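Fold and geometry: a report
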Amino acid sequence: MRIDILTLFPQMFEVPFSFGIFKRAVDQKLIDISLHNIRDYTHDKHHTADDYPYGGGPGMLLKPEPIFEAVESIKSAIHAKEKISALPIILLTPQGRPFSQQIAQELSGHTHLALICGHYEGVDERIHEHLVTDKISIGDYVLTGGELPALVIINAIIRLLPGVLGSEESPLNESHANGLLEYPQYTRPAVFQDWPVPEVLLSGNHAQIAKWRREQIIRRTLERRPELLAKTTLSIEEKRLLEHLISSPKESPLILNKEFRK
Ligand code: ADE
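These remarks concern the structure in this document. (Residues numbered from 1 in each chain as written. Predicted model: local features only at pLDDT ≥ 70, side-chain atom pairs only at ≥ 80, totals over all residues. Heavy atoms only, no water.)

1. Focus on the packing of aromatic side chains
Scanning the model with the defined rule gives two aromatic pairs in all. An angle of 45° between the planes, with centres 4.5 Å apart, marks the rings of phenylalanine 17 and phenylalanine 22 as tilted. Between phenylalanine 192 and tryptophan 195, the ring centres sit 5.9 Å apart and the planes meet at 50°, which makes this aromatic pair tilted. (Phe/Tyr/Trp six-rings, centres within 6.5 Å; stacked < 30°, edge-to-face > 60°.)

2. Let's talk about the site of the ligand
In the neighbourhood of the ligand, the contacting residues comprise Leu92, Thr93, Pro94, Ile136, Ser137, Ile138, Gly139, Tyr141, Val142, Leu143, Gly145 and Pro149. Between the ligand and isoleucine 138, the relevant distance is 3.0 Å, taken from a nitrogen atom to a main-chain nitrogen or oxygen of the residue. Leucine 143 places a polar main-chain atom, nitrogen or oxygen, 3.0 Å from a nitrogen atom of the ligand. Put simply, the parts of the chain that give the shell around the ligand at least two residues each are β5 (89-98) and β8 (134-137). Split into classes, the residues belonging to the shell around the ligand amount to eight nonpolar, four polar and no charged. (Near = heavy atom within 4 Å. Polar contact = N/O pair within 3.5 Å; in protein donor to acceptor, adjacent residues only side chain to side chain. Helix = DSSP H or I, 4+ residues; strand = E, 2+ residues; numbered from the N terminus. Nonpolar A, V, L, I, M, F, W, Y, C, P; charged D, E, K, R; others polar.)

3. Thoughts on the environment of serine 100
Mapped onto the fold, serine 100 is located in the loop between β5 and α3 (101-108). Taking relative accessible area as the criterion, serine 100 reaches 30% and is therefore assigned partly exposed. Separated by 96 residues in sequence, serine 100 and aspartate 4 have C-alpha atoms that sit 21 Å apart. (Buried < 20%, exposed > 50% of the residue type's maximum accessible area, 1.4 Å probe, protein only.)

4. What to know about the side chain of threonine 232
Mapped onto the secondary structure, threonine 232 falls in the loop between α7 (226-231) and α8 (236-247). Note on threonine 232: relative accessible area 18%, which makes it buried. A polar contact is formed between the side chain of threonine 232 and the backbone oxygen of leucine 228, at a distance of 2.9 Å.

5. Here's the deal with a nonpolar patch on the surface
A surface patch of nonpolar side chains, about 440 Å² in accessible area, is lined by Phe9, Met12, Tyr141, Leu143 and Leu148. Checked against the element boundaries, leucine 148 lands in helix α5 (residues 147-158). Using a relative accessible area of 47% as the deciding quantity, one classes leucine 148 as partly exposed. (Patch = residues over 30% accessible without salt bridge, like charges linked within 9 Å, V, L, I, M, F, W, Y side chains within 5 Å. Areas by Shrake-Rupley, 256 points an atom, 1.4 Å probe, with all protein chains shown as cover. Salt bridge = Lys/Arg side-chain N within 4 Å of Asp/Glu carboxyl O.)

6. As for the sheet that holds strand β7 (residues 122-123)
By definition, the strands of a sheet pair up through backbone hydrogen bonds, in either a parallel or an antiparallel sense. Ordered in space as β3-β4-β7, the three strands form an open sheet in which the pairing is mixed. Of all strands in the sheet, those bounded by a partner on one side alone are β3 (50-51) and β7. Across two bridges, strand β4 (residues 61-62) lies against β7 in parallel orientation. When the bridges of β7 are listed, leucine 61 appears paired with glycine 122. (Pairing = 2+ DSSP bridges.)

7. Let's talk about the pattern of salt bridges
Proximity of charged atoms lets side chains of opposite charge pair with each other. What the rule picks out here adds up to 10 salt bridges. With its nearest N and O atoms 2.8 Å apart, the salt bridge here joins glutamate 106 to arginine 97. Since its relative accessible area comes to 30%, arginine 97 is described here as partly exposed. If you follow the salt bridges from partner to partner, you end up with Arg97, Glu106 and Asp134 in one network.

8. Notes on the sheet that holds strand β6 (residues 112-117)
Reading across the sheet, the five strands line up as β2-β1-β6-β5-β8 and stay open at both edges, with parallel pairing between neighbours. The outermost strands of the open sheet, each flanked by one partner alone, are β2 (32-37) and β8. On average, each strand axis in the sheet is tilted by 35° relative to the strand beside it, whichever way the strands run. Sheet topology places strand β1 (residues 2-7) next to β6; five bridges connect them, and they run parallel. Each bridged residue has a counterpart across the sheet, and for leucine 6 the counterpart in β6 is isoleucine 116. Most of the contacts of α5 go to β6, to which it runs at about 155°, and overall it touches β1, β2, β5, β6 and β8. (Axes fitted to C-alpha atoms, helices over the stretch in contact; angles between N-to-C directions. Contact = heavy atoms within 4.5 Å.)

Following this line, the structure appears as structure tokens:
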């Protein structure tokens, strides 16, 4: 996968790509990251990438010309190498669709992506209307720019690419992979301070362990993120358990946990 990033601060990407899974993916050529400094596509003496909003108001906006030009140059570089008809051009903005594991999965299916990191008070509306094909927000809060959101999104995408995680780090069982939260996990020691690992996990009974884990997924999601249950298709067994938990809260100490009910 190739990801082109348009930013005023390409240095913000250097450290994250020098470590861990990011670095491994780059070294193994599973991902090719191209950084483009938006200022390199300006043509005035001061490399002006931003300007005042028409009609007044606080802050500065990113100008359209350098960003359109940068995207054009990325498209021609890609087209020179291979024929791709649709390059997703994604603007990181608090006005975008909320990022999720499902969107990470969707994006991981593309061979190329272009990410535009907004800055200042935002970007000229013509970028929204006539250039980008998608807008993504990483949450209902405002950051100073799209660089951290871009890193979040790239991180979530590349760990789904085949070969990036070792088989022991499989993303299949983790939280959100199936729309629900992950079951609790324990490692040695079997008793830490006064807290033992649930007995079933030490039993060696794989069927019982699998059942316990399925139950924990439902209990935990009901307790912490109940809205996820409404969005997910549950098996008959899971539905039965959910109905049981809802109708008899005594059965589920987790549901009574006041901290999570607030
Ligand atoms: N730029 C500033 N805040 C953002 C957010 N929450 N998501 C995506 N891009 C942003």
